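Residue strings, one per chain:
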Amino acid sequence: MTGALRVRSSLDARGLAAYAAAQVNGLFPDGETVSADALMDAVGGALPRLEHCFVHIDNKYFFDGEAAVFNHLHGDQYAMWLYLLANELHRRGGPEAVCSKLFLLNKSLHGLDAFHEVELPSIFLLVHPLGTVLGRGTYSDYFVAYQRCGVGSNRDVYPTFGRHVTLRPGSAVLGASVIGDHCQIATESLVLDRDLPDHTLYIGNPKTATLRRQDTVFPLWRV
């Protein structure tokens, strides 16, 4: 257990800070060493955010019925953790170079491009996020992204997502798109400058898209 938090973690707060610092220093031997102490405040802020996120995920590897479960050797969890850590350090006004190194560490380990300035929602899930790019959209809780997903701009305008949105493998949402609540973007589909009403399953691309009513809630949430 980590402090008063309901988190069963494979490493305590000091261990998480030391582990990330060692990884950053090994990957970026530029002479600007990052210490565990420099990460401790951000770790302290990121762990409650991790707990809040993980306790909403209905999966034994994230929530065991009593507490959030965090294993630093679980790839999806560690990808989510590194995003939270980098973002928390950024929120606290930490050194830009260290935030960037944590972002690039995540990109190197997991193929995830989620920049530390991007504000993901408080409840989200990344599933095997290799090749996923999450840009500066406006996100809402219960957001899910699988591998090779993309969120990006068109003419410097980014999408807005409602609650309970799922991006299936290889899907992308770009530009001035507003995605309603309880929507899924099907595998290999592209949404470009288009609004989707609540409870929509979107399949295809801008020229041949099919929209279907969807009432099924994503099964991995505790709500």
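Everything discussed here concerns the structure shown above.
Residues numbered from 1 in each chain as written. Predicted model: local features only at pLDDT ≥ 70, side-chain atom pairs only at ≥ 80, totals over all residues. Heavy atoms only, no water.

Engineer: Residues and numbers for the overall build of the protein chain, please.
Structural biologist: A count of helical and extended segments in the protein chain gives four helices and 14 strands. Over its C-alpha trace the protein chain gives a radius of gyration of 18 Å, about what one expects of a compact globule, namely 17 Å for 223 residues. Projected onto its principal axes, the C-alpha positions of the protein chain cover 50 × 40 × 25 Å. Buried residues in the protein chain amount to 52% of all 223 residues. Across the protein chain, every contact between residues at least 6 apart in sequence was considered, and the portion connecting residues at least 24 apart equals 35%. For the protein chain, the exposed area adds up to about 9900 Å²; of that, 52% sits on carbon and sulfur atoms. Positive and negative charge centroids in the protein chain, built from 19 and 23 side chains respectively, lie 6 Å apart. (Helix = DSSP H or I, 4+ residues; strand = E, 2+ residues; numbered from the N terminus. Rg over C-alpha atoms; globule rule 2.2 N^0.38 Å. Buried < 20%, exposed > 50% of the residue type's maximum accessible area, 1.4 Å probe, protein only. Contact = heavy atoms within 4.5 Å. Areas by Shrake-Rupley, 256 points an atom, 1.4 Å probe, with all protein chains shown as cover. Lys, Arg positive; Asp, Glu negative; His and termini not counted. Charge placed at Lys NZ, Arg CZ, Asp CG, Glu CD.)

Engineer: Can you tell me about the sheet that holds strand β4 (residues 133–134), naming the residues and giving the values?
Structural biologist: Taken in spatial order, the four strands line up as β4-β6-β9-β12 in an open sheet, and their pairing is parallel. Of all strands in the sheet, those with a lone pairing partner are β4 and β12 (190–192), marking the two edges. As judged from the three bridges shared by strand β6 (residues 150–152) and strand β9 (residues 172–174), these two strands associate in the parallel manner. Paired with G150 across the bridge in β9 is A172. (Pairing = 2+ DSSP bridges.)

Engineer: I'd like a rundown of the sheet that holds strand β14 (residues 210–213), residues and numbers included.
Structural biologist: Spatial ordering of the open sheet is given by β3-β5-β8-β11-β13-β14, a layout of six strands whose pairing is mixed. Of all the strands in the sheet, the pair left with one neighbour each is β3 (124–126) and β14. Bridge count for strand β8 (residues 166–167) against strand β11 (residues 184–185) is two bridges, and the pairing is parallel. From the neighbouring strand, L167 faces β11, where its bridge partner is I185.

Engineer: Explain the packing of helix α1 (residues 13–27) against helix α4 (residues 96–110) to me, using residue names and the numbers behind them.
Structural biologist: As a packed pair, α1 and α4 sit with axes 10 Å apart at the nearest point and diverge in direction by 80 degrees. Considered as vectors, α1 and α4 are oriented roughly perpendicular to each other. Of the residues in α4, those in contact with A20, Q23, V24 and L27 of α1 are K101, L102, L104, L105, S108 and L109. In terms of residue class, the contact of α1 with α4 is made up of seven nonpolar, two polar and one charged. (Axes fitted to C-alpha atoms, helices over the stretch in contact; angles between N-to-C directions. Parallel < 35°, antiparallel > 145°, perpendicular 65-115°, else oblique. Nonpolar A, V, L, I, M, F, W, Y, C, P; charged D, E, K, R; others polar.)

Engineer: Can you explain α4? Please cite residues and give values.
Structural biologist: Across its 15 residues, α4 extends 21 Å between first and last C-alpha, which sits within 8% of the 21 Å expected from 1.5 Å per residue. Looking at the buried residues of α4, the elements they touch are α1, α2 (36–54) and α3 (75–91). Backbone geometry just downstream of α4 places G111 in the positive-phi region, at approximately 65 degrees. (Expected span 1.5 Å × (residues − 1).)

Engineer: So, the pairing of β14: which residues are in play, and what are the values?
Structural biologist: Taken together, the four bridges between strand β13 (residues 200–203) and β14 define a ladder with antiparallel strand orientation. By the bridge assignment for β14, I203 is matched with T210. What sits between the antiparallel neighbours β13 and β14 is a turn of six residues, in which G204 has the positive phi angle 115 degrees.

Engineer: Run through the packing of aromatic side chains, naming residues and quoting values.
Structural biologist: Evaluation of the coordinates by the stated rule reveals 11 aromatic pairs. When the centroid spacing of 5.1 Å and the interplanar angle of 90 degrees are considered together, the rings of F103 and F115 count as edge-to-face. Pair noted here: F103 is in helix α4 and F115 is in the loop between α4 and β3, with a separation of 12 residues, a long-range link. Ring geometry for Y142 versus W221: centroids 5.2 Å apart, planes at 75 degrees, classification edge-to-face. Remark: W221 occurs in the segment after β14 and Y142 occurs in the loop between β4 and β5 (143–145); sequence separation between them is 79 residues. (Phe/Tyr/Trp six-rings, centres within 6.5 Å; stacked < 30°, edge-to-face > 60°.)

Engineer: Describe the environment of A17, naming the residues involved and giving the relevant values.
Structural biologist: With respect to the secondary-structure elements, A17 resides in helix α1. Here the alpha-carbon distance between A17 and A38, two residues 21 residues apart in the chain, equals 8.3 Å. In this structure A17 touches A36, L39, M40 and V43, once residues within four positions along its chain are discounted.

Note that every value here comes from positions in space, so none of it alone points to a role or purpose.
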